[in-house]
Amino acid sequence: MSNHQPTAGVLAPPPLIFGAGFAVGMLLQWLVPLRVEIGAAPPLGGAGVVLGAGLALWSFRELARRNTPLSPYEATTSLVEEGPYRFSRNPIYLALVLVYAGLALWLGALWLLLVLPVVLWIMVRGVIEREEIYLERRFGEAYRRYKARVRRWI
């Protein structure tokens, strides 16, 4: 990664990574059906989807308030530390996990849950670690203090 790179240089857009994982999980579910056998799975799944959507909207609002772009392919204009960013450095990715896992439970599709750790590994290596390097380079000591104070996920 060049020292002058204007963006984080992520592997792929995070929704695409989660969507691809979801598609693989659904394909596996179709080929070799494995069910989540927990009676409370559908309501828990629905709650995950609702919580994830709410967290995503809250996160988007905070980015918009600070006039910093949502896209990882645009230069970050400010370090957002308000709203859900007080508790997680990656609340949008956490929201995507909640929605993904919620849908998996709601559908009772065990393969979706089994694919999720692979999706998370790709997110950490291909997106989050690259963003952290970029943000540290862009915001220096302010980002290092934020990183020391706020967890990566929750």
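Residues numbered from 1 in each chain as written. Predicted model: local features only at pLDDT ≥ 70, side-chain atom pairs only at ≥ 80, totals over all residues. Heavy atoms only, no water.

Going by the annotation in an unreviewed UniProt entry, the name recorded for the chain is Isoprenylcysteine carboxylmethyltransferase family protein, with Gloeobacter morelensis MG652769 given as the source organism. The UniProt entry for the chain carries the following text under Subcellular location (unreviewed entry): "Endomembrane system". (UniProt positions renumbered as here; feature names shortened; annotations may be inferred.)

Draft legend 1. Up close: the packing of helix H4 (residues 110-139) against helix H5 (residues 141-149). At their nearest, the axes of H4 and H5 sit 6 Å apart, and the two run at 135 degrees to each other. Between H4 and H5, the angle falls in the class oblique. Of the residues in H5, those in contact with Glu132, Leu135, Glu136 and Phe139 of H4 are Glu141, Ala142, Tyr143, Arg144 and Lys147. (Axes fitted to C-alpha atoms, helices over the stretch in contact; angles between N-to-C directions. Helix = DSSP H or I, 4+ residues; strand = E, 2+ residues; numbered from the N terminus. Parallel < 35°, antiparallel > 145°, perpendicular 65-115°, else oblique. Contact = heavy atoms within 4.5 Å.)

Draft legend 2. Summary view of the packing of aromatic side chains. Inspection of every chain in the model, using the stated rule, returns 3 aromatic pairs. A ring pair is formed by phenylalanine 18 and tyrosine 100, whose centres lie 6.3 Å apart and whose planes are at 65 degrees; its orientation type is edge-to-face. Of this pair, phenylalanine 18 sits in helix H1 (residues 14-31) while tyrosine 100 sits in helix H3 (residues 91-107), placing them 82 residues apart in sequence. Looking at tyrosine 100, the relative accessible area reads 3%, which means it is buried. Aromatic side chains tyrosine 143 and tyrosine 146 sit 6.2 Å apart centroid to centroid with 55 degrees between the ring planes, which places their arrangement in the tilted category. Here tyrosine 146 and tyrosine 143 lie together in helix H5, a separation of 3 residues that amounts to about one turn. In this structure tyrosine 143 comes out as buried when scored by relative accessible area, which is 2%. Relative accessible area serves as the criterion here: at 2%, tyrosine 146 is assigned to the buried category. Among the aromatic side chains, those forming a connected cluster through ring pairs are Phe18, Phe22 and Tyr100. (Phe/Tyr/Trp six-rings, centres within 6.5 Å; stacked < 30°, edge-to-face > 60°. Buried < 20%, exposed > 50% of the residue type's maximum accessible area, 1.4 Å probe, protein only.)

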